[in-house]
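Spelled out from the first residue to the last, the chains are:
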Amino acid sequence: MNKISKAFENGKAFIGFVTAGDPDLATSEQIMLNMAKAGCDLIEIGIPFSDPIAEGPVIQEANLRSLSQGTTTDKVFELTKKVSAQVDIPLVYMTYLNVLFKYGYDRFLQNASDAGISGVIIPDMPFEEKDELQSVAKNYGIEVVSLIAPTSEDRIKMIAKNAEGFIYTVSSMGVTGTRNEIKTDLNSITSAIKEVTDMPVAIGFGINTPEQAKKYSAIADGVIVGSAIVKIIEQYGTNAPEKVFDYVKSMKDAIR
């Protein structure tokens, strides 16, 4: 059984995202350890990339900060190995197809597996091309997490039927970033998914307050928060680990 399912075993899951190497690799490690201590059920680790097309300004800037520190994919593998040795929650990479393609699927997934990674999320990979990566990932016990967007409509059930790990439901059109209001009919999207699979559903993009976390965890099996955490890291830099701990704890407490 893949470790990802563990994230959803004890009630609603809180999934937090960070960009590896932001503000630097050592602080990144402490931030992730603090996220786990604060109750994070799964951590999405962003591998910095020069053109992160699904990301809003907050996470784009985190990518640039990390790259300017000299973070490479190999250094992210080393960082992840250190973190996975100290936490018991699943870790998932969030990155772009170009990173895997350039590195080589087999080599990337072998290294990811050795680093303790349970899954990968590739937002710019079309559903129709998923099998190419999935067939290699299976060899290493890594699951390829599918995204379902508000525009997926008649494709929702097709994507959901073939999903593994969990289903990442995108709350809103556009790029990542905190939002004051989410207008998508997430009830109907979640219901359509649940008709065809019992795979856990987590809602992401825009969630940033305990009130929003509570509201959307009532609809789904978990919530995903990225930009709000990255904003704290941007504000506090090397002093961010304690601040991130407090924030993650407040979000996890809201969905318990």
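Described in the following lines is the structure provided in the data block. (Residues numbered from 1 in each chain as written. Predicted model: local features only at pLDDT ≥ 70, side-chain atom pairs only at ≥ 80, totals over all residues. Heavy atoms only, no water.)

**Focus on the overall build of the chain**
Here is step 1: When helices and strands are counted, the chain shows 11 helices and eight strands.
Here is step 2: For a compact globule of 256 residues, the expected C-alpha radius of gyration is about 18 Å, and the chain comes in at 17 Å, within 12% of that figure.
Here is step 3: Projected onto its principal axes, the C-alpha positions of the chain cover 45 × 40 × 30 Å.
Here is step 4: By residue count, 59% of the 256 residues in the chain fall in the buried class.
Here is step 5: Intrachain contacts of the chain at a sequence separation of at least 6 include 72% that bridge at least 24 residues.
Here is step 6: About 10900 Å² of surface is accessible on the chain, with carbon and sulfur atoms providing 48% of the total.
Here is step 7: The chain carries 25 positive and 33 negative side-chain charges, and their two centres are separated by 4 Å. (Helix = DSSP H or I, 4+ residues; strand = E, 2+ residues; numbered from the N terminus. Rg over C-alpha atoms; globule rule 2.2 N^0.38 Å. Buried < 20%, exposed > 50% of the residue type's maximum accessible area, 1.4 Å probe, protein only. Contact = heavy atoms within 4.5 Å. Areas by Shrake-Rupley, 256 points an atom, 1.4 Å probe, with all protein chains shown as cover. Lys, Arg positive; Asp, Glu negative; His and termini not counted. Charge placed at Lys NZ, Arg CZ, Asp CG, Glu CD.)

**Quick word on the pairing of strand β8 (residues 222-225)**
Here is step 1: With burial as the criterion, each face of β8 is covered, one bearing Gly222 and Ile224 and the other bearing Val223 and Val225.
Here is step 2: By the bridge criterion, four bridges tie strand β1 (residues 13-19) to β8 in an arrangement that is parallel. Following the sheet pairing, phenylalanine 14 is matched in β8 by valine 223.
Here is step 3: Bridge count for strand β7 (residues 201-204) against β8 is two bridges, and the pairing is parallel. Within β8, the position partnered with isoleucine 203 by the bridge is valine 223.
Here is step 4: In the classification by handedness, the crossover that spans β7, the intervening helix α9 (residues 210-219) and the parallel β8 is right-handed. (Pairing = 2+ DSSP bridges. Right-handed = clockwise from strand over helix to strand, strands pointing away.)

**Topic: the packing of aromatic side chains**
Here is step 1: Within this structure, the stated rule accounts for eight aromatic pairs.
Here is step 2: A ring pair is formed by phenylalanine 8 and phenylalanine 166, whose centres lie 5.8 Å apart and whose planes are at 45°; its orientation type is tilted. Of this pair, phenylalanine 8 sits in the segment before β1 while phenylalanine 166 sits in the loop between α7 (156-161) and β6 (167-170), placing them 158 residues apart in sequence.
Here is step 3: Since its relative accessible area comes to 14%, phenylalanine 8 is described here as buried. (Phe/Tyr/Trp six-rings, centres within 6.5 Å; stacked < 30°, edge-to-face > 60°.)

**A word on the packing of helix α3 (residues 73-84) against helix α5 (residues 105-114)**
Here is step 1: Running from N to C, α3 and α5 cross one another at 25°; their axes reach a closest spacing of 8 Å. Taken together, the axes of α3 and α5 are roughly parallel relative to one another. Together, Thr73, Asp74, Phe77 and Lys81 of α3 and Phe108, Asn111, Ala112 and Asp114 of α5 make up the contact between the two elements.
Here is step 2: Grouping the constituent residues of the contact of α3 with α5 by class yields three nonpolar, two polar and three charged. (Axes fitted to C-alpha atoms, helices over the stretch in contact; angles between N-to-C directions. Parallel < 35°, antiparallel > 145°, perpendicular 65-115°, else oblique. Nonpolar A, V, L, I, M, F, W, Y, C, P; charged D, E, K, R; others polar.)

**Digging into the pattern of salt bridges**
Here is step 1: As enumerated under the stated definition, the model contains 10 salt bridges in all.
Here is step 2: Across the pair aspartate 88 and lysine 6 runs a salt bridge whose closest N-O atoms are separated by 3.0 Å. On the criterion of sequence distance, the pair formed by aspartate 88 in the loop between α3 and β3 (91-94) and lysine 6 in the segment before β1 is long-range, its members being 82 residues apart.
Here is step 3: Aspartate 88 sits in the exposed class, given a relative accessible area of 53%.
Here is step 4: Residues aspartate 221 and lysine 194 are paired through a salt bridge, measuring 2.6 Å at the closest nitrogen-oxygen approach. With a gap of 27 residues between them, aspartate 221 in the loop between α9 and β8 and lysine 194 in helix α8 (residues 186-196) connect regions that are remote in the sequence.
Here is step 5: For aspartate 221, a relative accessible area of 21% puts it in the partly exposed group.
Here is step 6: Several salt bridges converge on common partners, so that one network encompasses Asp22, Arg65 and Glu234. (Salt bridge = Lys/Arg side-chain N within 4 Å of Asp/Glu carboxyl O.)

**Quick notes on helix α6 (residues 130-137)**
Here is step 1: Regarding α6, the residues found buried are Lys130, Leu133, Gln134, Val136 and Ala137. For α6, the angular spread of buried residues about the axis comes to 165°, placing them on one side.
Here is step 2: The secondary structure elements touched by the buried residues of α6 are α4 (97-103), α5, β4 (119-121) and β5 (143-148). (Arc of directions from axis to C-beta.)

**Things to note about the environment of lysine 243**
Here is step 1: When you line up the elements, lysine 243 lands in helix α11 (residues 240-255).
Here is step 2: A C-alpha to C-alpha distance of 27 Å links lysine 243 and valine 120, two positions 123 residues apart in sequence.

**A look at the nonpolar core**
Here is step 1: Within the largest apolar cluster, 92 residues are counted, with the highest numbers of intra-cluster contacts made by Tyr93, Phe108 and Phe166.
Here is step 2: Of the residues forming this core, the biggest block, six residues, is contributed by α11.
Here is step 3: Not counting chain neighbours up to four residues away, the residues in contact with phenylalanine 166 comprise Ile4, Phe8, Ile15, Leu42, Ile121, Val145, Ser146, Met199, Pro200, Ala202 and Ile224. (Core = buried A, V, L, I, M, F, W, Y, C linked by side-chain atoms within 4.5 Å.)

Without other data, these values stay purely geometric and don't point to any function.
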